[in-house]
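Descriptive structure summary
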Amino acid sequence: MQIKIPLMTTKLCMQAFAILVIIFSGSNSYSFANANQTAERTKLKQLRIQIKHTQTTLRETVSREHSAASELEKIEQKYAKTSKNLETLSLQTNQLQQKLTEIRKQKAKHQNTLRLQHKNLAKQLRAAYRSGRQKQWRVLLSQADPSKMARHMVYYRHLNQARSAQINAVRSLLTEIEEVEVNALNIEYELAQTREQIETEQQEITEIRKTRVAILSKLQKQVKNQKNNLSDLIEDEKQLQQLISSIRQTVDNLDLNVFNKQPFIRLKGKLPWPVKSYSSYQRRILNNQAQGIIIKTAEGTQVRAVANGRIIFSDWMPGYGLLIIIDHGSSYLTLYAYNQSLKTAVGEKVSVGEIIASAGISGGRLESAVYFEIRKSKQQKNPIRWLRKSKK
C-alpha cells in the first residue's frame, strides 16, 4: 500500500531541512573562523617570543661592549613613554576644553530661555493683578448668561494652567542650569588636574633630555676616532640584519599572511612619503654602500605606513633607536627608525597612511628625523625610486 504525503507537508519538510543545513553550515563556518583566530593568536605569540629571544641576545652583546649604549636604550624608552603620556594628556585636555565650551553654551542657552520665561510669567501676573484676583468669584456670583459664564470659566482655567506650566518650566530650567554648573565645575577640576600632570610630565622630559645629553657625551668619548665610529655603525647594521633574518624566518615558518590588494612590487614609484612634512632628506651611506634615507622633520611629526602590511618589530635597536618594521609580503619590508614614540605593536595589521609612530631623536641622534628603508630579503632598495615624487 502506497502512502501519499500531502504536497504542503513535503514543502515544509524541505524548508525545515534547508534551514537546518544553513544553521549547521553557519555554525561550522563560525567554528572555523574561531579556529582561525585562535591559530593566528598562537602564531603571533610565537613571533613575539622569538623576537624577545633575539633581542635579549643582542642586548647582552651591546651591554658587554658598550654600557653607555645600554643606558641610552633605557633613557630613550623612558623618553618615549613620557612623550606618549604627554600626548595622551594633551588630547584629554583638548577634549575636556571642548566639553567645557559646549556646557557653557548650554548654560547660556538655558539662561536666555529662563529670562524669556520670567518675562512671560511676569506679564501674566501683572495682567492677573490688574483684572482683580476675585474676578472668577464675581463671574460665578453674577447673574450673567450661563453660556457666557461657562466661556469665562474655561478661559480662566486655561490661563491658570498656562501659568502653572510656565512656573514648572522655570523650575525645570533652574534645575538644568544647576546640573550644567556642577558639570562645568567637575570638568574645570579635571582640567586643572590634567594640566598639573602635563607640567609634571614636561619637567620629567626636561630631566630625561639632560640625562640623555650626558649619556651621548659618554658615548662620544668611547668613539675615539672616525674608524671606531664606522665600526660601531657596521656592527649596528649587522645586528639589525641578524634580527631581520630571525624574524623573517619565524614569519615564513608561521605563514603569517599579509593581505594586499596588489603585490608590493607594483607600488614602485607610487608609495606615499612616511611623513607629510620635512625640511630635507639624504641617502645614508655606510661602508661605501647606499642604504635608506634620513628624512629631517620636526620632533613629534606623525610617521605613517607607506603600504598595507603587518608589524613584525616595534621596539628599540642600537643605532636605530625606536624602530618599526612592517612586512608587506613577498619578502618586502619597510623600516622606520629614530622615532620619538611607537603607536603600534607586533602582530598588528596596518593600512597605508595609518599613523605608526612619531618622529624623534632616538638612537643617539642630535637632530630630529625619520630613517626610512625598503628591503627585499637582505637586499636594500633605493627608497627614492619607490616613493612618489615629492611635492613640497
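Below: a short report on this structure. (Residues numbered from 1 in each chain as written. Predicted model: local features only at pLDDT ≥ 70, side-chain atom pairs only at ≥ 80, totals over all residues. Heavy atoms only, no water.)

Let's shift gears to the overall build of the protein. Across its full length, the protein holds 6 helices and 10 strands. Contacts in the protein between residues far apart in sequence, at least 24 positions, make up 74% of those at least 6 positions apart. Total accessible area computed for the protein in this model is approximately 24,500 Å², and 54% of it derives from carbon and sulfur atoms. (Helix = DSSP H or I, 4+ residues; strand = E, 2+ residues; numbered from the N terminus. Contact = heavy atoms within 4.5 Å. Areas by Shrake-Rupley, 256 points an atom, 1.4 Å probe, with all protein chains shown as cover.)

Moving on, we get to the pairing of strand β9 (residues 369–376). Of all 8 residues making up β9, 7 are buried, and the element is well covered by its neighbours. Bridging between strand β2 (residues 289–296) and β9 involves 4 bridges; their strand directions are antiparallel. For Ile293, the partnering residue across the bridge sits in β9 and is Phe372. Sheet analysis places strand β6 (residues 332–342) next to β9, joined by 6 bridges and oriented antiparallel. Across the sheet, the residue bridging to Thr334 is Ile374, located in β9. Where β9 meets strand β10 (residues 379–381), 3 bridges bridge the pair, whose relative direction is antiparallel. Following the sheet pairing, Lys376 is matched in β10 by Gln379. (Buried < 20%, exposed > 50% of the residue type's maximum accessible area, 1.4 Å probe, protein only. Pairing = 2+ DSSP bridges.)

This brings us to the packing of aromatic side chains. Across all of its chains, the model carries 9 aromatic pairs by this definition. Here the aromatic rings of Tyr332 and Trp386 are separated by 5.5 Å at their centres, their planes lie at 55 degrees, and the arrangement is tilted. Linking Tyr332 in strand β6 with Trp386 in helix α6 (residues 383–386), this pair joins segments that are 54 residues apart in sequence. Ring-pair connections join several aromatic residues into one group, and the members of that group are Phe264, Tyr332 and Trp386. Taking the ring centre of Tyr371 as reference, the NZ or CZ of Arg284 above it sits at 5.1 Å. (Phe/Tyr/Trp six-rings, centres within 6.5 Å; stacked < 30°, edge-to-face > 60°. Lys NZ or Arg CZ within 6 Å of the ring centre and 35° of its normal.)

Below, the discussion takes up the pattern of salt bridges. Enumeration according to the criterion identifies 7 salt bridges in this entry. Between Arg212 and Glu76 there is a salt bridge, with the nearest N and O atoms lying 3.1 Å from each other. Of this pair, Arg212 sits in helix α4 (residues 146–222) while Glu76 sits in helix α2 (residues 67–131), placing them 136 residues apart in sequence. Neither residue differs from the other here; Arg212 and Glu76 are each classed as buried. A salt bridge links Lys296 to Glu367, with the shortest nitrogen-to-oxygen separation between them at 3.5 Å. Taken together, the positions of Lys296 in strand β2 and Glu367 in the loop between β8 (355–359) and β9 put the pair 71 residues apart, joining distant regions of the chain. (Salt bridge = Lys/Arg side-chain N within 4 Å of Asp/Glu carboxyl O.)

Membership of the largest hydrophobic core comes to 40 residues, with the highest contact counts inside it found for Leu271 and Ile356. For this core, the secondary structure elements donating two or more residues are α2, α4, β2, β4 (309–317), β5 (321–327), β6, β8 and β9. Apart from residues lying up to four places away in sequence, Leu271 is in contact with Phe264, Val306, Ala307, Ile374, Trp386, Leu387 and Arg388. Among the nonpolar cores identified, the runner-up in size contains 21 residues, and Ile244, Phe313, Tyr338 and Val346 belong to it. (Core = buried A, V, L, I, M, F, W, Y, C linked by side-chain atoms within 4.5 Å.)

Attention now moves to the pairing of β5. Of all the 7 residues making up β5, 7 are buried; the element is thus mostly covered by neighbouring parts of the structure. As paired strands, β4 and β5 are joined by 7 bridges and run antiparallel to one another. Bridge pairing in β5 links Phe313 to Ile325. Counting the residues that bridge the hairpin from β4 to β5 gives 3 residues, and of these Gly319 lies at a positive phi of roughly 85 degrees. In terms of strand pairing, β5 meets β6 through 5 bridges, oriented antiparallel. The residue of β6 that forms the bridge with Asp327 is Leu333. Counting the residues in the hairpin turn of β5 and β6 gives 4 residues, including Gly329, whose phi is positive at 85 degrees.

What follows covers empty space enclosed by the protein. Applying the stated criterion across every chain, the model contains 2 cavities of 30 Å³ or more. Looking at the second largest cavity, the residues that line it are Glu76, Tyr79, Arg212, Leu322, Asn339, Gln340, Ile361 and Ser362. Looking at the lining of the second largest cavity, the elements that each hand over two or more residues are α2 and β6. When its residues are assigned to classes, the lining of the second largest cavity shows 3 nonpolar, 3 polar and 2 charged. (1 Å grid on protein atoms, 1.4 Å probe; cavity = no way out; pocket = protein on both sides within 12 Å on 5 of 7 lines; lining within 4 Å. Points joined across faces, edges and corners; volume = space filled by probe spheres on them. Nonpolar A, V, L, I, M, F, W, Y, C, P; charged D, E, K, R; others polar.)

Our next topic: unusual backbone geometry. Keep in mind that most residues, glycine aside, have a negative phi and that most peptide bonds are trans. Even without being glycine, Ser330 reaches a positive phi, approximately 55 degrees. Mapped onto the elements, Ser330 comes out in the loop between β5 and β6.

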